[in-house]
Amino acid sequence: MAEPIASVPAFMRNYHEVLRNDLQRELAPCLELADRDGFVRAWTNYSGAITVHAAMEDGVPGIAQGTTAMLDHFFDGAAGSAVFAEEHQCEHAAQAAVTAALQEEISVLEKAFEAYHQLAEAHLQHEEEVLQPLVMQLPDPKAPVFREWVLPAGLAQSGFDHFLAHGVRSLATYGSAKNPPVVATRVFLHSLQTVCGQERWLQLLPIARAAAAPSIWSGVVAEVPSLDPDCG
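Residues numbered from 1 in each chain as written. Predicted model: local features only at pLDDT ≥ 70, side-chain atom pairs only at ≥ 80, totals over all residues. Heavy atoms only, no water.

### Digging into the overall build of the protein chain
Looking only at helices and strands, one finds 11 helices and zero strands in the protein chain. Reading the helices (α) and strands (β) of the protein chain from amino to carboxyl end gives α-α-α-α-α-α-α-α-α-α-α. Over its C-alpha atoms, taken along the principal directions, the protein chain stretches across nearly 55 × 45 × 30 Å. The 232 residues of the protein chain split such that 51% are buried. Carbon and sulfur atoms provide 56% of the accessible area of the protein chain, an area that totals close to 10,700 Å². Between the mean site of the 13 positive side-chain charges and the mean site of the 29 negative ones, the protein chain shows a separation of 6 Å. (Helix = DSSP H or I, 4+ residues; strand = E, 2+ residues; numbered from the N terminus. Buried < 20%, exposed > 50% of the residue type's maximum accessible area, 1.4 Å probe, protein only. Areas by Shrake-Rupley, 256 points an atom, 1.4 Å probe, with all protein chains shown as cover. Lys, Arg positive; Asp, Glu negative; His and termini not counted. Charge placed at Lys NZ, Arg CZ, Asp CG, Glu CD.)

### Concerning the nonpolar core
In terms of nonpolar packing, the biggest core is built from 69 residues, with Phe39 and Phe146 touching the most fellow members. For this core, the leading source of residues is helix H1 (residues 10-32), giving 10 residues. For Phe146, the contacting residues outside a window of four places in its chain are Val8, Phe11, Met12, Met70, Val135, Leu138, Leu151, Pro152 and Val195. (Core = buried A, V, L, I, M, F, W, Y, C linked by side-chain atoms within 4.5 Å. Contact = heavy atoms within 4.5 Å.)

### Some points on the packing of aromatic side chains
Considering all chains together, one arrives at 10 aromatic pairs under this definition. With centroids separated by 5.5 Å and ring planes inclined at 85°, the aromatic side chains of Phe39 and Phe113 adopt a geometry described as edge-to-face. Taken together, the positions of Phe39 in helix H2 (residues 36-58) and Phe113 in helix H5 (residues 106-137) put the pair 74 residues apart, joining distant regions of the chain. Comparing Phe39 with Phe113 shows no difference in burial state: the two are buried. Following the ring pairs from residue to residue traces out a cluster consisting of Phe39, Trp43, Tyr46, Phe113 and Tyr116. (Phe/Tyr/Trp six-rings, centres within 6.5 Å; stacked < 30°, edge-to-face > 60°.)

### Here we look at unusual backbone geometry
With the exception of glycine, the majority of residues adopt a negative phi angle, and the majority of peptide bonds are in the trans configuration. Here the bond from Asp140 into Pro141 is cis, since omega is 0°, no more than 30 degrees from zero. Positive phi, close to 55°, is recorded for Ala34, a residue that is not glycine. In this structure, Ala34 sits in the loop between H1 and H2. Of the residues examined, Ala34 reaches a relative accessible area of 48% and is grouped as partly exposed. The phi dihedral of Asp76 is positive, around 50°, even though this residue is not glycine. Inspection of the secondary structure assignment puts Asp76 in the loop between helix H3 (67-74) and helix H4 (81-100).

### Topic: the environment of Glu148
For Glu148, the position within the fold is in helix H6 (residues 143-149). Between the alpha carbons of Glu148 and Gly77 there is a distance of 19 Å; along the sequence they are 71 residues apart.

### Notes on the packing of helix H8 (residues 160-174) against helix H10 (residues 198-211)
Interaxial distance between H8 and H10 falls to 8 Å at its minimum, and their mutual angle equals 35°. In this structure, H8 crosses over H10, and the sense of that crossing is right-handed. Of the residues in H10, those touching H8 at Phe160, Asp161, Leu164, Ala165, Val168 and Arg169 are Leu204, Ile207, Ala208 and Ala211. Considered class by class, the residues forming the contact of H8 with H10 number eight nonpolar, no polar and two charged. (Axes fitted to C-alpha atoms, helices over the stretch in contact; angles between N-to-C directions. Left-handed = near helix turned anticlockwise from the far one by under 90°. Nonpolar A, V, L, I, M, F, W, Y, C, P; charged D, E, K, R; others polar.)

### Details of H2
Between its terminal C-alpha atoms H2 stretches 31 Å, which fits the 33 Å expected from 23 residues at 1.5 Å a residue. With its phi angle positive at about 85°, Gly59 sits one or two positions after the end of H2. (Expected span 1.5 Å × (residues − 1).)

### Observations regarding H4
Taking 1.5 Å as the rise per residue, H4 with 20 residues should run 28 Å; its terminal C-alpha atoms sit 28 Å apart, in good agreement. For H4, every residue scored as buried is listed here: Phe84, His88, Glu91, Ala94, Gln95 and Val98. Viewed along the axis of H4, the buried residues span an arc of 130°, placing them on a single side of the element. Turned more than 90 degrees off the buried face of H4, the exposed positions are Ala82, Glu86, Gln89, Ala93 and Ala100. Of the surrounding secondary structure, the elements contacted by the buried residues of H4 are H2, H3 and H5. (Arc of directions from axis to C-beta.)

### Things to note about the pattern of salt bridges
All told, the structure shown has eight salt bridges when counted by the stated rule. Of the charged contacts in the structure, one is a salt bridge between Glu17 and Arg13, with a shortest N-O distance of 2.8 Å. Of the two residues, Glu17 and Arg13 are both situated in helix H1; the distance of four residues between them amounts to about one turn of the helix. It is possible to trace a salt-bridge network through shared partners that takes in Arg13, Glu17, Arg20, Glu121 and Glu128. (Salt bridge = Lys/Arg side-chain N within 4 Å of Asp/Glu carboxyl O.)

The structure is reproduced here in structure tokens:
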């Protein structure tokens with residue numbers, strides 16, 4: 001059976017929508033309302049999710065080499081993995097500054113988050129401009145390539161369950177820039193299912209199902225019944 005069109009490339013790209021939802025719809029509004037407790041909760045969720053996402057991009061030694069190394073391998077260094085690794089180091093430092101400011105005055109926290117937010121948005125944009133076109137050019141089938149080079153780095157993280165649940169919850173609540181909640185959630189989960197294979201997907205299914213409101217989940221499964229074979 002052929003891969004669903006654009007399903008595999010959507011695996012990592014759609015998580016950028018989750019991270020943007022965090023930055024724009026969760027974290028920034030908390031600071032606008034001077035809601036420190038809300039910001040701390042949202043920041044904890046965001047930090048756990050982006051740790052797993054970054055591991056899949058950068059790789060984990062001895063487990064998987066990650067997205068940028070994969071694309072450098074297939075396209076003669078065109079991805080520029082060293083450049084993105086350097087960007088990640090800058091982003092990690094700015095992220096640490098936000099964490100350190102959580103107990104400071106709101107004005108200090110706002111300044112640290114503003115600096116981080118600008119870095120994070122620019123980094124996401126850079127990845128989409130450089131990496132996404134290369135991902136689209138990978139030879140078919142793409143799923144085995146991601147299964148070898150990218151997914152194991154995420155699964156090796158103790159926070160992968162959180163990464164999945166957080167992503168589903170975000171997309172099921174806010175949708176993405178291009179799609180409403182049902183479609184955005186379906187695109188992300190269908191891409192993950194395609195990358196990891198049905199056996200692994202059935203292990204992850206309960207986490208995904210629990211993270212979405214029943215109305216969203218029923219809409220997702222109506223579009224792609226294989227995501228939940230026992231539904232209905």
